[in-house]
Every structure is written in structure tokens, then in C-alpha cells.
Amino acid sequence: MAKENEAISMEIDDKKTDQMNPKFSINVLQLLKSAQMQHGLRHGDYTRYRRYCTARLRRLYKSLKFTHGQGKYNKRAITETTVTEVRYLHVLLYTAERAWSHAMEKRQLPNGPVPCQRIYLIGRLRKAVKWASLFAQLCAVKGDSRTSLEAEAYASFMKGTLLFELEQNWETALMSFKSARAVYEQLGKYGDIENQILCRERVQELDPNINYCSIKAGKSNIKTSELADMGQMEGPALDLFKAKLEAVMDEARSQQAASMTEFNWLGHRFPVANAKTRVSILKAVPAEKKVVMYDKIFAAYHEARSCIRKDLVNAGDTENVKDDLSGLDKAVSAVLGQRTIERNQLLVSIAKSKFSRNRDDKVEKATKPEGLVRLYDLLIQNASDLSDLVTSRRDSTPEEVAFAEEFELKNQVFRAERCFYLAKSYSLAGKRAEAYVLYSRARSLAESTLQKLKAMSSFDKDIIQDLEVLYNNSRSNICIEHAAGIMEEEKAPEKLTKGVSNISLAEGGNKAEIFLLEKLDVYESLVADPNSKGVPHIEPFPPVFQAVPRNPIVLDIAFNSIEFPSLESRMKKEKKGLISRFWG
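Residues numbered from 1 in each chain as written. Predicted model: local features only at pLDDT ≥ 70, side-chain atom pairs only at ≥ 80, totals over all residues. Heavy atoms only, no water.

Here we look at the overall build of the protein chain
Per the secondary structure count, the protein chain includes 18 helices and two strands. When the 584 residues of the protein chain are sorted by exposure, 36% land in the buried category. As presented, the protein chain carries roughly 37,800 Å² of accessible surface, and 53% of it is formed by carbon and sulfur atoms. (Helix = DSSP H or I, 4+ residues; strand = E, 2+ residues; numbered from the N terminus. Buried < 20%, exposed > 50% of the residue type's maximum accessible area, 1.4 Å probe, protein only. Areas by Shrake-Rupley, 256 points an atom, 1.4 Å probe, with all protein chains shown as cover.)

So this is what it looks like as C-alpha cells:
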């Protein structure tokens with residue numbers, strides 16, 4: 001009996017201690033992901049995220065009344081006894097995030113951090129590790145088991161990030177990233193669907209860092225190309241890895257540029273003496289066809305052209321060097337034009353996929369035919385500029401002539417496509433005659449271009465297949481527009497008769513519309529019923545004519561028929577003098 005009483009008293013004591021020291025719960029990964037995506041890191045803006053963390057900390061300090069004094073700074077440490085509610089743990093978490101985002105902001109400088117900025121960057125990462133470790137220690141005491149586990153994973157990630165940037169202790173960094181990955185891998189098996197997805201994304205973000213550390217520690221033989229494929233993933237945890245990978249790729253390009261002596265284009269061999277020009281040309285080699293990648297390619301080619309033109313200025317009167325540099329500039333410009341056409345064709349394929357998508361799909365806005373017409377205008381201009389650039393020399397080689405002819409045919413393909421989608425826009429506007437003529441023009445362009453392409457054995461078969469589809473679509477749309485135009489012409493007199501018969505001279509016409517001012521005692525929403533086509537009106541406008549009383553008009557029509565009496569007898573006679581009597 002005494003033992004039972006002791007057990008009961010121990011249970012009561014445990015309940016009292018749990019009530020006095022409650023276990024806090026924080027979904028660390030979900031909280032951080034939500035804050036990062038909403039405040040800048042969706043677009044890689046670390047400055048905006050750092051300012052958010054600063055504002056968030058200011059609000060937490062004020063709400064907790066945990067400020068550090070006014071004027072003079074009084075340090076107030078957060079210890080185990082201080083943490084009486086979950087917001088104290090949030091202070092530690094956002095302080096670590098602020099230091100980490102500040103370091104990543106310095107890492108994102110255009111030419112990388114200079115030595116003094118790198119020292120500051122590493123100092124901010126050390127601060128992030130310090131606050132993350134304190135956060136993990138207090139979560140182990142004050143948080144529940146899941147919160148403690150996530151805090152440990154967060155602290156391990158921060159420690160691995162610091163060692164990754166210091167480029168030392170690769171084995172320790174590898175162990176830190178692996179321990180964080182193991183935690184997130186286990187957490188991804190439990191909880192709701194959103195949490196599982198976040199944990200799996202975090203695991204995928206940590207894999208490239210782990211592989212890179214394994215290579216540096218000598219425990220893996222993964223190729224640089226495989227790391228580059230991993231670098232195409234998105235996520236804040238990958239930004240430091242991408243910076244390191246870019247540095248590795250630049251080093252590899254520099255080594256490759258040392259062996260690059262000339263640039264081959266259409267049978268010409270142009271010597272490349274400038275090392276910067278070599279690296280820029282190698283940097284512009286497309287790894288994959290993505291719109292974002294083309295921006296980097298264009299930047300690299302423009303950098304190469306600027307280096308070439310500087311060399312032209314410094315070449316002096318050396319004619320051979322000038323000719324080589326001018327030819328190299330022309331070759332790089334031509335390749336840049338080709339890449340521009342490829343990028344615009346990729347945009348066209350994306351727009352076409354949206355155009356052919358079901359119109360009822362409200363997830364993404366469908367492309368209008370006018371958008372495709374504008375894209376094909378750009379392609380036509382790009383193809384014309386490229387053909388003019390290649391044929392600008394008098395002594396053109398056979399390779400240059402074939403190249404120009406190829407892009408002339410591509411120009412005709414683009415014109416046929418543009419004409420087709422221009423006809424689509426007229427068809428949607430109900431202009432049948434214009435659409436019929438444009439479809440006929442598209443069909444004739446496609447037919448003539450197909451004959452030329454089939455005569456060439458080296459042309460792309462995909463373009464021929466697309467052009468055949470365009471030809472068949474133009475033929476079918478010609479028939480549709482012809483039939484629709486005849487039907488509309490047949491129905492036109494019927495519609496006109498029906499419209500004339502509905503015309504009424506009565507007040508308000510034939511519309512039995514009741515205005516809002518006529519039913520003020522009944523509530524009706526101003527936006528009207530969702531099933532109705534129009535919006536209710538407050539009052540008829542312009543107002544209808546009303547009869548207004550006015551003064552009567554008197555018309556005296558008997559005036560000309562009345563004979564009035566003579567009044568000469570009543571008129572005053574004039575008196576005459578003596579002389580006037582004799583002389584009349």
C-alpha cells in the first residue's frame with residue numbers, strides 16, 4: 001500500500017513539473033521555409049530576407065519586453081531559466097537566420113567577396129553556428145522530441161555550411177551534412193503531407209553538398225558534370241554549393257582555355273590570343289535548353305565581343321591581326337544570333353503548348369495568337385539579321401552561302417507560321433474574309449517551303465514535319481472559315497429582319513428593365529445575379545423625353561382678309577399759309 005502511495009505521489013510530482021516546465025513545439029523546417037519563400041528567397045533576395053529577420057526580432061523583443069535598454073546596450077542572455085514561452089526560442093532561431101542570410105548576401109556580390117568582405121562573411125557564419133547551437137541546446141531541454149531533433153539538424157547544417165565555406169575539415173563538414181540529412185530523411189516518413197514534402201526537398205538539397213564534401217575528402221569519384229546536373233536544383237541550401245561549383249567550373253574552363261588556340265566557324269579558323277576571350281567563349285557553351293541558361297550564354301558572348309573589340313582598338317596598324325579579330329568578332333556575333341534564334345524558338349514552343357491547352361484549364365493563362373505573332377516577328381528579324389551578317393563579305397565561302405540559304409528557308413518557315421497565327425487572331429475576332437485569305441497565304445508559303453526543304457537532304461526532319469502539320473491545319477481552317485462565312489451570310493437577312501421587328505418606338509424600347517430607383521423598398525445587389533448577363537442600372541440614361549406644358553401659340557390667319565374702315569376724316573389736317581394758297 002505504501003508503494004502504491006509513493007507511485008501515485010511520484011506521478012503527481014511529474015505532472016506538476018510538466019505544468020511548471022511545459023514542452024514547447026516548433027516545426028522548424030516548415031516555419032523557416034514559409035518565412036524564406038514569402039520574404040525574398042523565392043528569388044534569391046537575401047537582403048530582403050535579412051531585413052525581415054531584423055524586423056521580426058524587433059517585434060519579438062518588444063512583445064517579450066526583452067529589450068536591451070535605450071541608449072546604452074545592456075546584454076541580456078537567453079538561458080534555460082529565461083525561456084518561459086516559445087517566443088524566446090524564436091528569438092534564437094531568427095538571430096541565426098539573420099546572421100546566415102547576411103553571410104549569403106555577401107557571397108552573392110557580382111565578383112565574389114573581396115578579402116575583407118570574406119572575413120566578415122565567415123564571421124557572420126560563425127555567429128549563425130553559435131546561435132543555432134544555443135537554439136539546439138535549449139530545444140533539447142525546453143522543446144518536445146521532434147523540435148529537439150529538428151533543432152539538432154538545423155545546427156548541423158549551419159556547422160557544415162561554415163566548414164564548407166572555410167574549405168577545411170571536409171570530413172567534419174561531411175559528417176555534419178550527413179547527420180542533418182539522416183534526421184530529415186527520418187522526419188520525412190511521418191507527419192502530414194506538407195511536412196513530408198518539405199523534408200524530402202531538404203534531403204535533395206543536402207545531397208549535392210554531401211557529394212562535394214565527399215570528393216574533397218577523397219571518399220567519392222563523382223564527376224564534375226554530375227555535380228553540375230545537381231546544381232540545376234533550386235533551394236537556399238544549395239546557393240553556397242552553386243557558388244563553389246561555379247568556382248570549380250571557372251577553374252576547369254581556365255585550364256581548358258589554355259589549350260584553346262582557335263575558334264572554328266563555317267570552315268574558318270580564327271586564332272584566339274586573349275585568355276579572357278577564350279574563357280568567355282567556353283562559358284557560353286550551352287549545357288541544356290532552358291530559358292534561364294540562355295541569359296548566361298548571352299552574357300558570356302557579349303563579354304567575349306567586348307574583349308575582342310578592345311583587342312581591335314589595341315591592334316594598331318597590323319592588318320593581319322585586325323582581319324583575324326574582325327573575322328572572330330563576326331563569327332561570335334553569328335553564333336550569338338544562332339543562340340538568340342534558339343532561345344526564341346524555345347519561347348515559341350512554350351507558348352504553343354499553352355495555346356493548344358484546354359481553355360477550361362484555369363491553372364495557367366492560355367496564350368493568345370497575338371503573342372505567337374509577336375514571337376515570330378522576332379524570329380523573322382533575327383533570321384534576316386543573321387543572313388545579312390553572314391553574306392556581308394564579298395568573297396563568301398560555300399559554307400557561308402549554304403548557311404545563309406538555310407536561314408533564308410527558316411525565315412520562310414517563320415513567315416508561314418506567323419501568317420497562320422495571324423489568321424487565328426482574325427478568326428477569333430469574327431473576321432472570316434481576312435482569316436480565309438491569311439490561311440490561304442499560310443498554306444501557299446508552307447507548300448513552297450516544303451518543296452525546297454525536301455529537295456535538301458541535310459535539313460532537319462522535325463521542321464519538315466512541323467511544316468506539314470501547318471500545311472494540313474491551314475487547309476482544314478480554310479474550309480472551316482469558308483463554311484462559317486457562308487453560314488453567316490445566309491443568316492444575315494434573318495438576323496436583320498429579327499432585329500428590325502424587335503425595334504419599338506415606345507418609351508424604353510422593348511426592354512422590360514426595372515431600374516434600382518424604381519424598387520428602393522427591395523434589396524438587390526449592385527453586382528446583380530451571377531446568372532444575369534448585364535449589370536443593373538440605377539436610372540435610365542440618357543433620360544427619356546417627357547411632355548412639358550408651355551404658353552400657347554396664337555396664329556392670326558384672318559389678318560389679310562379683313563377690310564378696315566378709313567380713318568382719314570379723323571386725321572389732323574395740316575394748315576397752309578397765304579403764299580401756299582396762291583402757289584398751291
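On we go.
Thoughts on the packing of helix α5 (residues 115-142) against helix α6 (residues 145-166)
Helices that pack against each other are described as a pair by the angle of their axes relative to one another and the distance between those axes. Their axes nearest at 8 Å, the elements α5 and α6 cross at an angle of 160°. Judged by the angle between their axes, α5 and α6 are roughly antiparallel. Judged by the twist between their axes, the crossing of α5 over α6 is left-handed. Across the contact of α5 with α6, the residue classes tally to 16 nonpolar, four polar and five charged. (Axes fitted to C-alpha atoms, helices over the stretch in contact; angles between N-to-C directions. Parallel < 35°, antiparallel > 145°, perpendicular 65-115°, else oblique. Left-handed = near helix turned anticlockwise from the far one by under 90°. Nonpolar A, V, L, I, M, F, W, Y, C, P; charged D, E, K, R; others polar.)

Brief notes about the nonpolar core
Counting residues in hydrophobic clusters, the biggest one holds 43 residues, and the most contacted among them are Tyr49, Leu89, Trp100, Phe135 and Tyr154. Considering every element that reaches this core, the biggest residue donor is helix α4 (residues 86-107), with eleven residues. Leaving out residues up to four positions away in the same chain, Tyr154 has contacts with Leu32, Leu93, Ala96, Glu97, Ala132, Phe135 and Tyr184. Of all hydrophobic cores here, the second largest spans 38 residues; its members include Ala351, Leu386, Phe414 and Leu470. (Core = buried A, V, L, I, M, F, W, Y, C linked by side-chain atoms within 4.5 Å. Contact = heavy atoms within 4.5 Å.)

What about a nonpolar patch on the surface?
Taken together, the side chains of Leu517, Leu520 and Ile538 present a nonpolar region at the surface, about 320 Å² in accessible area. Following the sequence through the fold, Leu517 ends up in the loop between α17 (461-501) and α18 (578-583). (Patch = residues over 30% accessible without salt bridge, like charges linked within 9 Å, V, L, I, M, F, W, Y side chains within 5 Å. Salt bridge = Lys/Arg side-chain N within 4 Å of Asp/Glu carboxyl O.)

What about the packing of helix α7 (residues 170-187) against helix α8 (residues 193-216)?
At their nearest, the axes of α7 and α8 sit 8 Å apart, and the two run at 160° to each other. Relative to α8, the element α7 is oriented roughly antiparallel. Note that α7 runs across α8; the crossing there is left-handed. Packed against α7, whose contacting residues are Trp170, Ala173, Leu174, Phe177, Lys178, Ala180, Arg181, Tyr184, Glu185 and Leu187, the element α8 presents Asn195, Cys199, Arg202, Val203, Leu206, Asp207, Asn209, Ile210, Tyr212, Cys213, Ser214 and Lys216 at the interface.

Focus on the environment of Gln345
Along the chain, Gln345 turns up in helix α13 (residues 319-355). Look at Gln345 and you get partly exposed, because its relative accessible area is 29%. Sequence-wise, Gln345 and Phe414 are 69 residues apart; in three dimensions their C-alpha atoms are separated by 9.9 Å. For Gln345, the contacting residues outside a window of four places in its chain are Leu379 and Phe414.

Structural notes on the pattern of salt bridges
For the structure shown, the criterion picks out 15 salt bridges. One salt bridge in this structure joins Glu165 and Arg107, with 2.5 Å as the shortest N-O distance. Linking Glu165 in helix α6 with Arg107 in helix α4, this pair joins segments that are 58 residues apart in sequence. Both residues of the pair, Glu165 and Arg107, count as buried.

A few points about the packing of aromatic side chains
One pass over the structure, following the stated rule, counts 16 aromatic pairs. Taken together, a centroid distance of 5.3 Å and an interplanar angle of 45° make the contact between Phe164 and Tyr212 tilted. You can see Phe164 sitting in helix α6 and its partner Tyr212 sitting in helix α8, a full 48 residues away along the chain. The same class applies to Phe164 as to Tyr212, namely buried. Between Phe420 and Tyr421, the ring centres sit 5.2 Å apart and the planes meet at 90°, which makes this aromatic pair edge-to-face. The exposure class assigned to Phe420 is buried, which follows from its relative accessible area of 6%. Residue Tyr421 is classed as buried on the basis of its relative accessible area, which comes to 8%. Linked through ring pairs, Phe157, Phe164, Trp170, Phe177 and Tyr212 together constitute an aromatic cluster. Geometry around Phe407 places Lys410 over its ring, the cationic atom sitting 4.8 Å from the centre. (Phe/Tyr/Trp six-rings, centres within 6.5 Å; stacked < 30°, edge-to-face > 60°. Lys NZ or Arg CZ within 6 Å of the ring centre and 35° of its normal.)

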